[in-house]
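Examination of the molecular architecture
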Amino acid sequence: MSQANTQPATLQQTTLQQTIASFTSIEQALEYFDIGFDSRFIDANRLELTKRFNGYLILTKPDDWFSGRRALKNAYCKVQRSKLDRHTRSACRGCTSCQRR
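The text that follows walks through the structure, step by step, so that each part is easy to find.

Turning our eyes to something else, we now look at the nonpolar core. By size, the foremost hydrophobic cluster in this structure holds 18 residues, and its most contacted members are Ile26, Phe33, Phe53 and Leu72. Within the residue set of this core, elements represented by two or more residues are helix 2 (9-22), helix 3 (26-32), helix 4 (39-59) and helix 5 (65-83).

Here is the structure:
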């Protein structure tokens, strides 16, 4: 059994928040949460993506790796969808629900 599973939830949450706070770029967060990304898209939308991810983290404190990943994927998807033509049914590639379309 790994050490992460034996830690109390609040300690695990604090450790995850410290890890997220230690990132110096959004690419580090994307790599930590194992999310594939387009570097050109990140370069063009870095500030908006970072703000949205931080906003999701403020609204709901991630209690484990999966909830942190979900917040980042949702931010990536929201930014990517905002750049698409609203009159077509184009799907972004940032979240599972869009990948299923």
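What follows continues from the structure just given.
Quick look at a positive patch on the surface now. A cluster of like positive charges, contributed by Arg52, Lys78, Arg81 and Arg86, occupies part of the molecular surface. Positionally, Arg86 belongs in the loop between helix 5 and helix 6 (96-99). With a relative accessible area of 70%, Arg86 lands in the exposed category.

All right, on to the environment of Asp43 then. Position of Asp43 relative to the elements: it lies in helix 4. You can call Asp43 exposed: its relative accessible area is 52%. Taking the C-alpha atoms as reference points, Asp43 and Glu27, separated by 16 residues in sequence, lie 9.9 Å from one another.

In total, this model carries five aromatic pairs according to the counting rule given. Each ring, one from Phe23 and one from Tyr32, has its centre 5.5 Å from the other, and the planes form 55°; the classification is tilted. Measuring from ring centre to ring centre gives 5.9 Å for Phe33 and Trp65, while their planes differ by 45°; the resulting arrangement is tilted. Pair noted here: Phe33 is in the loop between helix 3 and helix 4 and Trp65 is in helix 5, with a separation of 32 residues, a long-range link. Phe33 sits in the buried class, given a relative accessible area of 0%. Within the aromatic cluster, the residues linked to one another by ring pairs are Phe23, Tyr32, Phe33, Trp65 and Phe66.

Looking now at unusual backbone geometry. With glycine set apart, most residues show a phi of negative sign, and most peptide bonds adopt trans. Its identity as a non-glycine residue notwithstanding, Asp34 has a phi of 55°, on the positive side. When you line up the elements, Asp34 lands in the loop between helix 3 and helix 4. The exposed category is assigned to Asp34, whose relative accessible area is 58%.

Another aspect to go through is the pattern of salt bridges. The full count for this structure, using the stated rule, is four salt bridges. The residue Glu27 makes a salt bridge to Arg46 at a minimum N-O spacing of 2.8 Å. Within this pair, whereas Glu27 is found in helix 3, its partner Arg46 is found in helix 4, the two being separated by 19 residues in sequence. Take Arg46: its relative accessible area is 31%, and that puts it in the partly exposed class. Where Asp43 meets Arg46, a salt bridge forms, and the shortest distance between an N and an O atom there is 2.9 Å. Note that Asp43 and Arg46 are positioned in helix 4 at a spacing of three residues, about one turn of the helix.

Criteria and cut-off values
The numbering scheme is per chain: residues are counted from 1 as the chain's sequence reads. Local features in this predicted model are restricted to residues of pLDDT 70 or higher, and side-chain atom pairs are both shown and tallied only at a pLDDT of 80 or more, whereas totals for entire chains, interfaces and linings draw on every residue. Here the side-chain values reflect all heavy atoms present in the structure, with hydrogen atoms and water set aside. Nonpolar core, defined: a set of buried Ala, Val, Leu, Ile, Met, Phe, Trp, Tyr and Cys residues in which side-chain atoms within 4.5 Å join the residues together. Buried, partly exposed and exposed residues are distinguished by accessible area as a fraction of the type maximum, computed with a 1.4 Å probe on protein chains only: under 20%, between the cut-offs, and over 50%, respectively. Secondary structure elements follow DSSP: runs of H or I of four or more residues count as helices, runs of E of two or more count as strands, with numbering from the N terminus. Patch members must show over 30% relative accessible area and no salt bridge, and they are joined within 9 Å when carrying like charges or within 5 Å when they are nonpolar side chains of Val, Leu, Ile, Met, Phe, Trp or Tyr. Here, Shrake-Rupley sampling with a 1.4 Å probe gives the accessible areas, and only protein chains in the shown set may cover a residue. Between Lys or Arg on one side and Asp or Glu on the other, a salt bridge is scored when a side-chain nitrogen of the former is within 4 Å of a carboxyl oxygen of the latter. Only four residue types enter the charge count: Lys and Arg as positive, Asp and Glu as negative, with His and the chain ends excluded. To locate a charge, take atom NZ for lysine, CZ for arginine, CG for aspartate or CD for glutamate. When the centres of two rings from Phe, Tyr and Trp lie within 6.5 Å, Trp using its six-membered ring, the rings pair. Their planes under 30 degrees apart give stacked, over 60 give edge-to-face, and anything left gives tilted.

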